[in-house]
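Letter by letter, the chains look like this.
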Amino acid sequence: MPDAVQFIQSLVNGVGVGLIYGLVGIGFCVIYNASGIVNFAQGVFVMLGGMACEVLLRKFHLPLPIAFLIAVPFVALVGLLMEVLVVRPMWNRGSPLFAIILATLATQIMIERITILTVDEQPHTFQEFTLGGPLKIGAIAIPYQLFWIVGCGALMVGLLWLFFTRTRAGRALRACSQNREAAALLGIPVGAMLLLSFALSAALGAVAGILVTPMQAIAFNSGTPFGVSGFIAAIIGGFGNAAGALAGGILLGVLQAVAIVLLGAGFKNVAALTALLFVLFLFPSGLFAGLKPKAH
Amino acid sequence: MTGTPLIELVDLAAAYGQVQALKPTSLTVAEGEFVTVLGPNGAGKSTMLRAAMRLTPASGRVRFRGRDITRLSTHGRAREGIILVQEGRGLFGQMSVRENLILGAYTIAAGESVEARLEEVFRLFPRLKERFGQTASSLSGGEQQMLAIGRALMAKPKLLMLDEPSLGLAPRVAAEILDTLGTLNRDGLGILLVEQKAPQALRLAKRVYVLSLGGIVAELAASEVGSHHDLSRFYLH
């Protein structure tokens, strides 16, 4: 049996990785709300964020903040291109959502292959944002990077909240999520909102990728596990519910960490998929339906 | 018809699969005119409004103030000043009354005061001011309809199209809403109102189109409906 210290340590780590899942889950929700599309390439934005930042640090020797400020817009641009080149043509032709969703999966595979051709197949990492850790509280060690993940994650969630409730574009995006036809009738360009949702979602994935890469090396195919975990987080939270996705991500991260400690590393995915089935069977609307944003 | 045509629907036709929901239909509304379209359920009234806003694929042409807007998107038509209040109201139920109204002003130019538009809407529908912070879904049916119309007015429309706004409302509330539409029309707003039965709407309207089985079967002055035996029987009583 694990001792209490080991257990608490796993909880701390679970919260960190869970926040990453939550950010990926929010990315799923942003696109889904604007369009009804489940973007299965969401995980690839995480990989691209980490990979782009690593390349900028290693090859161009840029300082981390500059690399961050270049990598995030770069991945947002990839999101825009994906919308313009893959999703929009199919959307305009009236293709079924199922076909569009499959196209996003194909895009993920394509981006992974392009990453192999332009970077390589090897896992990459870079040093933590703040050196000298971990912070010791008794016998519990907390890597400084975890504070960055929690701080940046909270900042992203706060900024998203302000964007969705206080800005014209954010309100318009929420309007599209509730009734696209009514939004268009008010003069809101629904197509532009779809474009915005892809850019926003890609940027969120990139931030998650940059935050997690110092703790977990990123390779061309690392997007898939993050995408799957983000997807499960979104379902646990109630698909389309951004706050729920964040809470679902933290819950999933903690659950996986506890499963590893109690049952072994092999049970990490078993725990995640069991949680998914449990929620789908018993709470098909998600565990956090009450966390929908309040009206302002 | 007097005055410059505000909107012209020319041979507008729409089908859902093999079913012709709207046969080639032509209709005009002049600047500041109040026009009512009457017809039974399934006559194609909603399809006509949806086609006019390009929500439903349609053939034919749409002109607005003489300009051909047939190829203009739905949001582009709204930006031109054509606002449709849909049947079912199309409110953003999880958003507050305030947010719904602010979204209504999405197309008004930067620098124009949203606050001034809000005050104008509150003058017409004081109850919305009392419900300002509530979610739209928590309002009564009548209040929701007031919000739908108020939100449309936030856009400073040149033409307001309404799809059965009295549907499901108590007669007193429906009358209150139609009175407000009369006030707006007297202030110069062009109105195209679609209803199944609306004696009061006919009192407000200058002209009436009667739609049946997907096509216009009559166009007459509103004052003539009373003297027309069949129309009077179907639509005034």
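Residues numbered from 1 in each chain as written. Chains lettered and ligands numbered in written order. Predicted model: local features only at pLDDT ≥ 70, side-chain atom pairs only at ≥ 80, totals over all residues. Heavy atoms only, no water.

1. Side note on the interface of chain B and chain A
No. 1: Each side of the interface is counted separately: chain B has 25 residues, and chain A has 21 residues.
No. 2: When chain B packs against chain A, close to 2200 Å² is buried across both sides, 58% of that on carbon and sulfur atoms.
No. 3: Of all residues in chain B, the largest losses of buried area upon contact with chain A belong to Phe92, Glu99 and Tyr106 of chain B, amounting jointly to 31% of the total for that side.
No. 4: Linking chain B with chain A are two salt bridges.
No. 5: With its nearest N and O atoms 2.7 Å apart, the salt bridge here joins Glu181 of chain A to Arg50 of chain B.
No. 6: Linking chain B to chain A there are seven residue pairs in polar contact (both at pLDDT 80 or more).
No. 7: Counting residues per element, the ones that place at least two in the side of chain B that touches chain A are α2 (74-80), β6 (82-85) and α3 (97-104) of chain B.
No. 8: Per-element accounting of the side of chain B that touches chain A gives the leading share, five residues, to α3 of chain B. (Contact = heavy atoms within 4.5 Å. Buried area = accessible area lost by both parts, 1.4 Å probe. Salt bridge = Lys/Arg side-chain N within 4 Å of Asp/Glu carboxyl O. Polar contact = N/O pair within 3.5 Å; in protein donor to acceptor, adjacent residues only side chain to side chain. Helix = DSSP H or I, 4+ residues; strand = E, 2+ residues; numbered from the N terminus.)

2. A closer look at empty space enclosed by the protein
The rolling of a water-molecule-sized probe over the atoms marks out the regions of remaining empty space.
No. 1: Enumeration according to the criterion identifies one cavity of 30 Å³ or more in this entry.
No. 2: Contributing to the lining of the largest cavity are Leu185 and Leu186 of chain A together with Ile83, Leu84, Val85, Gln86, Arg89, Ala148, Arg151 and Ala152 of chain B.
No. 3: Put simply, the parts of the chain that give the lining of the largest cavity at least two residues each are β6 and α6 (141-154) of chain B.
No. 4: Looking at the lining of the largest cavity, its residues break down into seven nonpolar, one polar and two charged. (1 Å grid on protein atoms, 1.4 Å probe; cavity = no way out; pocket = protein on both sides within 12 Å on 5 of 7 lines; lining within 4 Å. Points joined across faces, edges and corners; volume = space filled by probe spheres on them. Nonpolar A, V, L, I, M, F, W, Y, C, P; charged D, E, K, R; others polar.)

3. Thoughts on the sheet that holds strand β4 (residues 59-64) of chain B
Residues and elements named next belong to chain B.
No. 1: On the basis of which strands lie adjacent, the open sheet formed by four strands has the order β2-β1-β4-β5 and antiparallel pairing. At either margin of the open sheet sits one strand with a lone partner, and together these are β2 (19-30) and β5 (67-68).
No. 2: Strands β1 (5-16), β2 and β4 of the sheet are contacted by helix α1 (residues 45-52), whose axis makes an angle of about 115° with β1. (Pairing = 2+ DSSP bridges. Axes fitted to C-alpha atoms, helices over the stretch in contact; angles between N-to-C directions.)

4. So, the sheet that holds β6 of chain B
Residue and element names in this part refer to chain B.
No. 1: The six strands are arranged β6-β7-β8-β3-β9-β10 in an open sheet whose pairing can be described as mixed. Whereas interior strands pair on both sides, the edge strands pair on one side only; in this sheet they are β6 and β10 (215-221). Direction aside, neighbouring strands of the sheet carry axes that sit 15° apart on average.
No. 2: Where strand β3 (residues 34-38) lies against strand β8 (residues 190-195), five bridges are found, and the strand directions are parallel. Directly across from Val35, in β8, lies its bridge partner Leu192.
No. 3: Packed on one face of the sheet, α6 meets β6 and β7 (159-163) and runs near 170° to β6.
No. 4: In the packing of helix α7 (residues 171-186) onto the sheet, the strands contacted are β3, β7 and β8, and the crossing angle to β8 comes to about 155°.

5. Quick word on the nonpolar core
No. 1: Of all hydrophobic cores here, the largest spans 85 residues; its most connected members are Ile188 and Leu211 of chain A together with Phe92 of chain B.
No. 2: If you tally residues by element for this core, the top one is helix α8 (residues 190-212) of chain A, at 13 residues.
No. 3: If near-sequence neighbours (up to four positions away) are discounted, Phe92 of chain B is found in contact with Ala175, Gln178, Asn179, Ala182, Ala183 and Leu186 of chain A together with Asn100, Leu103, Ala136 and Arg151 of chain B.
No. 4: Core analysis: the next-biggest nonpolar cluster, separate from the first, contains 47 residues, Leu91, Ala136, Leu184 and Leu193 of chain B among them. (Core = buried A, V, L, I, M, F, W, Y, C linked by side-chain atoms within 4.5 Å. Buried < 20%, exposed > 50% of the residue type's maximum accessible area, 1.4 Å probe, protein only.)

6. Brief notes about the domain arrangement of chain B
Residue and element names in this part refer to chain B.
No. 1: The domains assigned to chain B are domain 1 (5-81 + 157-235) and domain 2 (92-156).
No. 2: Each of domain 1 and domain 2 was reduced to a C-alpha centroid, and the two centroids are 23 Å apart.
No. 3: Listed as interface residues are 14 residues of domain 1 and, on the opposing side, 14 residues of domain 2.
No. 4: Summing both sides of the interface, domain 1 and domain 2 together bury roughly 1200 Å²; the carbon and sulfur share of this comes to 73%.
No. 5: Along the contact surface separating domain 1 from domain 2 lie one salt bridge.
No. 6: Our enumeration of links across domain 1 and domain 2 arrives at one residue pair in polar contact (both at pLDDT 80 or more).
No. 7: Breaking the side of domain 1 that touches domain 2 down by element, the ones donating at least two residues are β7 and α7.
No. 8: Examining the composition of the side of domain 1 that touches domain 2, we find that six residues originate from one element, α7, more than from any other. (Domains from an automatic or database assignment.)

7. Topic: the pattern of salt bridges
In a structure, side chains of opposite charge can pair up when their charged atoms sit close to one another.
No. 1: Under the criterion given, the structure shown has 17 salt bridges over all chains.
No. 2: Glu83 of chain A is the salt-bridge partner of Arg88 of chain A, the closest N and O atoms lying 2.8 Å from each other.
No. 3: Its relative accessible area of 23% is what places Arg88 of chain A among the partly exposed residues.
No. 4: Classification of Glu83 of chain A as buried rests on a relative accessible area of 0%.
No. 5: The network of salt bridges with common partners includes Glu33, Arg207 and Glu219 of chain B.

8. Overview of unusual backbone geometry
No. 1: Notably, His61 of chain A is not glycine yet its phi reads approximately 50°, a positive angle.
No. 2: We note that Lys156 of chain B has phi near 50°; this positive angle belongs to a residue other than glycine.
No. 3: Among the secondary structure elements, Lys156 of chain B is positioned in the loop between α6 and β7.
No. 4: Given the relative accessible area of 41%, Lys156 of chain B is considered partly exposed.

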